[in-house]
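Single-letter residue listing:
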Amino acid sequence: MQSSTPNTQHPSLNTIELLAPAKNLECGMAAIEHGADAVYIGASRFGARQSAGNSVEDIGKLCEYAHRYGATVHVTINTIIYNDEFEETLALVRELVDVGVDAFLLQDMGLMSKVREIVPDTVALHASTQCDTRTWEKAQWLSQQGFDRVVLARELSAEEINDIHKRLPELELEAFVHGALCVSYSGVCYVSQYSFGRSANRGACAQFCRLAFDLKDSDGKTIEHQRHLLSLKDMSQIDNLETLMRSGACAFKIEGRLKDINYVKNVVSAYSKRIDEIISKHPGEFRRASLGRVRYSFTPDLKKTFNRGYTNYFLKGRQADIFSPDTPKALGEFVGRVKEIRRDSFNVSSTANFANGDGLCFLSRDPDSQSTRLEGFRVNRAVGNRLYPFKMPRGLKPGMGLYRNQDQAFDKELSGKTAERKIAIKMWFGTSPNPSKGGECLTDSHGTIWAKAEVIDDRINHISHESASNDCSQDSSSTYNFHQRISNEHPVRLSPSLGGAGGGLQLAQKPQRDNIIRQLTKLGNTVYECSEVEIVDGADKYFIPSSILAELRRMVVEELDKQILNMPRVTIHRKSVDKVSDHKPHISMVNPTQYQQLPYLYNISNDAARKFYEQQGLTKTEPAFEIQYPSGATNGSDSSNKAFSIKGDKEAVSHLLMQCRHCIRYSLGYCVKRGGQKPTWREPLFLELPDKRRFRLEFDCKNCQMNVCNVT
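No experiment lies behind these values; they were computed from the predicted model shown. (Residues numbered from 1 in each chain as written. Predicted model: local features only at pLDDT ≥ 70, side-chain atom pairs only at ≥ 80, totals over all residues. Heavy atoms only, no water.)

S.K.: Can you help me understand the overall build of the protein chain in this one?
M.R.: When helices and strands are tallied, the protein chain shows 17 helices and 28 strands. In the form shown here, the protein chain has an accessible surface area of approximately 28,900 Å², with 47% of it arising from carbon and sulfur atoms. (Helix = DSSP H or I, 4+ residues; strand = E, 2+ residues; numbered from the N terminus. Areas by Shrake-Rupley, 256 points an atom, 1.4 Å probe, with all protein chains shown as cover.)

S.K.: Please explain the nonpolar core as it appears in this structure.
M.R.: Nonpolar side chains tend toward joint burial in soluble globular proteins. Core analysis: the largest hydrophobic core is formed by 164 residues, its most contacted members being I77, L96, F104, L230, F429 and M658. When residues in this core are grouped by element, the largest group, nine residues, is from helix α9 (residues 261-281). In contact with L96, other than residues within four places in its own chain, are A43, V56, I59, V75, I77, V101 and F104. (Core = buried A, V, L, I, M, F, W, Y, C linked by side-chain atoms within 4.5 Å. Buried < 20%, exposed > 50% of the residue type's maximum accessible area, 1.4 Å probe, protein only. Contact = heavy atoms within 4.5 Å.)

S.K.: I tried to follow the pairing of strand β28 (residues 705-710) on my own but got confused; where do I start?
M.R.: Along a regular strand, successive side chains alternate from one face of the sheet to the other. Burial within β28 is extensive, with six of its six residues counted as buried. In terms of strand pairing, strand β25 (residues 656-660) meets β28 through four bridges, oriented antiparallel. From the neighbouring strand, L656 faces β28, where its bridge partner is C709. Across six bridges, the pairing between strand β27 (residues 694-700) and β28 is antiparallel. By the bridge assignment, R696 is partnered in β28 with C709. (Pairing = 2+ DSSP bridges.)

S.K.: Explanation requested: the pattern of salt bridges in the structure shown.
M.R.: Any two side chains of opposite charge can pair, given that their charged atoms come close. Enumeration over the complete set of coordinates arrives at 49 salt bridges. For the salt bridge of E17 with R149, the shortest nitrogen-to-oxygen distance reads 2.8 Å. Residue E17 is found in strand β1 (residues 14-22), and its partner R149 is found in strand β6 (residues 149-151); the two are separated by 132 residues along the sequence. A salt bridge links K426 to E534; the nearest nitrogen and oxygen atoms lie 3.1 Å apart. (Salt bridge = Lys/Arg side-chain N within 4 Å of Asp/Glu carboxyl O.)

S.K.: Could you clarify how one ought to interpret the side chain of S157 in this entry?
M.R.: Locating S157 in the fold gives a position in the loop between β6 and α6 (158-167). Setting aside residues no more than four positions away along its own chain, S157 makes contact with F314, L315, G317 and R661.

S.K.: Is there a simple way to think about the state of the cysteines in this case?
M.R.: Cysteine pairs can be covalently joined through their sulfur atoms, and such a bond is termed a disulfide. Taken as a whole, this structure holds zero disulfides when the rule is applied. Note on C182: no disulfide assigned, nearest cysteine sulfur contributed by C209 at a separation of 6.6 Å. A residue is classified by how much of its surface remains accessible, and C182, at 32% relative accessible area, is partly exposed. A disulfide-free cysteine, C660 has its sulfur positioned 7.6 Å from the sulfur of C189, the nearest such atom. (Disulfide = S-S within 2.5 Å.)

S.K.: Could you clarify how one ought to interpret helix α3 (residues 86-98) in this entry?
M.R.: Owing to its 3.6 residues per turn, the α-helix brings residues three or four apart onto one side. Along its 13 residues, α3 runs 19 Å from first to last C-alpha, staying within 8% of the 18 Å computed at 1.5 Å per residue. When we look at burial in α3, the residues that qualify are F86, T89, L90, L92, V93, L96 and V97. For α3, the buried positions fall inside an angular range of 155° around the axis, keeping them on one side. In α3, those exposed residues whose orientation departs by more than 90 degrees from the buried face are E87 and D98. Note on α3: the residue one or two positions beyond its end, G100, has a positive phi of about 105°. (Expected span 1.5 Å × (residues − 1). Arc of directions from axis to C-beta.)

S.K.: Hey, could you run me through unusual backbone geometry in this one?
M.R.: Trans is the prevailing form of peptide bonds, just as negative phi is the prevailing case for residues other than glycine. Looking along the chain, the bond that leaves E683 and enters P684 is cis, with omega of 10°. Summarising the element assignment, P684 is placed in the loop between α17 (664-667) and β26 (685-688). A positive phi angle is found at Y313, which is not glycine, with a value near 60°. Relative to the helices and strands, Y313 resides in the loop between β14 (310-311) and β15 (333-341).

S.K.: How should the sheet that holds strand β20 (residues 401-406) be read in this particular structure?
M.R.: Strands pair in a sheet through their backbones, by hydrogen bonds, and they do so in one of two ways: parallel or antiparallel. Within the closed barrel, the six strands sit side by side as β15-β16-β19-β18-β17-β20. Their pairing is antiparallel. Neighbouring strand axes in the sheet, compared pairwise and without regard to direction, differ in orientation by 50° on average. (Axes fitted to C-alpha atoms, helices over the stretch in contact; angles between N-to-C directions.)

S.K.: Sorry if this is basic, but what is going on with the confidence of the model for the protein chain here?
M.R.: When pLDDT drops low, the exact placement of atoms in the prediction is not to be read closely. Of the residues in the protein chain, 84% reach a pLDDT of 70 or more, and the chain-wide mean stands at 86. Predicted confidence is poor over residues 499-503, with pLDDT under 50, and the contacts of this stretch with residues over four places away or in other chains come to seven contacts. pLDDT under 50 marks residues 576-581. Its contacts with residues more than four places away, or in other chains, come to four contacts. (pLDDT = per-residue confidence, 0-100.)

S.K.: I would appreciate a short explanation of α9 in the present structure.
M.R.: For α9, which comprises 21 residues, the first-to-last C-alpha distance of 30 Å matches the rise-based estimate of 30 Å (1.5 Å per residue) to within 8%. Across the 21 residues that make up α9, a large majority, 15, are buried. The distance from a side-chain oxygen at the start of α9 to the backbone nitrogen of N262 is 3.2 Å, and the residue carrying that oxygen is D260. (Polar contact = N/O pair within 3.5 Å; in protein donor to acceptor, adjacent residues only side chain to side chain.)

Here it is as structure tokens:
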């Protein structure tokens, strides 16, 4: 609610949103409790993680919980949609709007063209990372289609993000900061569908990039044997958050809708604490997007959460150490090196503490294939640094590095209550017929008492009455501002008896200040905690029954709840459809050149999408890869329930299956352009699976990227 203090001008603050994954209702509530400003969750169908679906009822419960803190819930409907699913999808959207969803993440442009017509202007539309947004031109085009926020490609550097923000300062930009990485630009990966009949664009990725390959040249020479050359490390930008905050991105996304609740608790806590630290150092520049402070009963540690090793990816430009070629599995934290080995135990050179049940692993070389493999074992008994496994691992040798990928003590700590989130408020209490500050009143013929509460949060507005925008992009024209003081300004009058038979408020025989404060601050079952009570009008000289003070407190809390629940939580930038048609770039100008050469990259999977792209000026439309090859490379016939009214060239001799910024040649040290050694092999190179299926590599040095293609 607007502060009663007049508006004054001051520099806009950048609103920062920490966006967390929710596998289910439990994970979503844990994310909010541990400091997330928003969560994203999959509905029953049509999300990019098929196995992470949730009922509308559960999503509604999550919305109710999140909105108590001014936090938001985003639902992923970010797959391509087939004709026979269209009405069901739109019906699902309507149901989700009714239960309070704040935003939808969309990929399918046919679906987008319909959804923007049915959702109210209180619900935001976000362009999923599946939309393959690498440039400001693509971001601008998406904004002109009606998207309020664009989720950027994971591959972008801080400099590239900043360039997009400078050109489009009013558009919200969302960037990934933590979690597993897809080696292909999202939205243009077809290798899972091609190889296994499981579409990444339909939420069923088969994790082709985590497989082991032989790398061979055109003469059949083996360059690398059984290595995971497409398997990337996990992203972690925990040490680069301020750089990203200054780049112009306003929402920071944690990957992991398939991860368990301990992952959510640990990672969200680590990032939320770091964001708060940055805000405390720069109070005039940034603010959080939701309300409440979190008290943690554990110390977050990202090394103890599932990870394949961490990388900041391309945030600071290209670097070699971004992939994990030895194993696609989680190594965990490094805990030391193996020293002496006995028949049933060994000791470790380490400062770490070990516990019975810890999961440990190490990398060893297979004596037959000479390939590196990950071996794991569980600790049966730990006596200091001497460990007794359930079964001694065969490949363990002195000097080997040891990693812990399951920490029993840490998991036990996370299994209990690990955080409490409360919204700080200040309260005023007084006695006067017309309280100057507004508030909740209780009155009868004997007099009036009143109380008022205001939300205070030094991460948001530093207890300022001044106006500030809730807009990530600093444009305050299209959003309500709840980052003032949220307070209850409308008196509500009731008539319980306040005084004695003699009329008027009765003077107390002993001081009342402590009891007034005690009764007004009994907020244990609410989301609030009161840091200060200011008593005015000399109100503590009167005797006020505790039951009356409790009723006044209840009224104040109800009014605060109502105001927080009703305040706008998202920024709506989208323009009307009429305005969208003006000054829009041609579709051919906003995507890489391969889109024109290979129109299936537009992922046109329904008639609405075909019509949309035709209206955008696309002259050559072609069905989505999944339509042309519904069962992968083994079957090129249309499936009758998915086919629609355009036909593609199913006899195409070569397909782009992945487009990657990761480059195997560079990562192995053979990029001459960037100072590497000159290759001795004959190109093209091929990735070969154990079943002898091969995939050709194209090195596009002009655009500094690598393409993975089928072999015809």
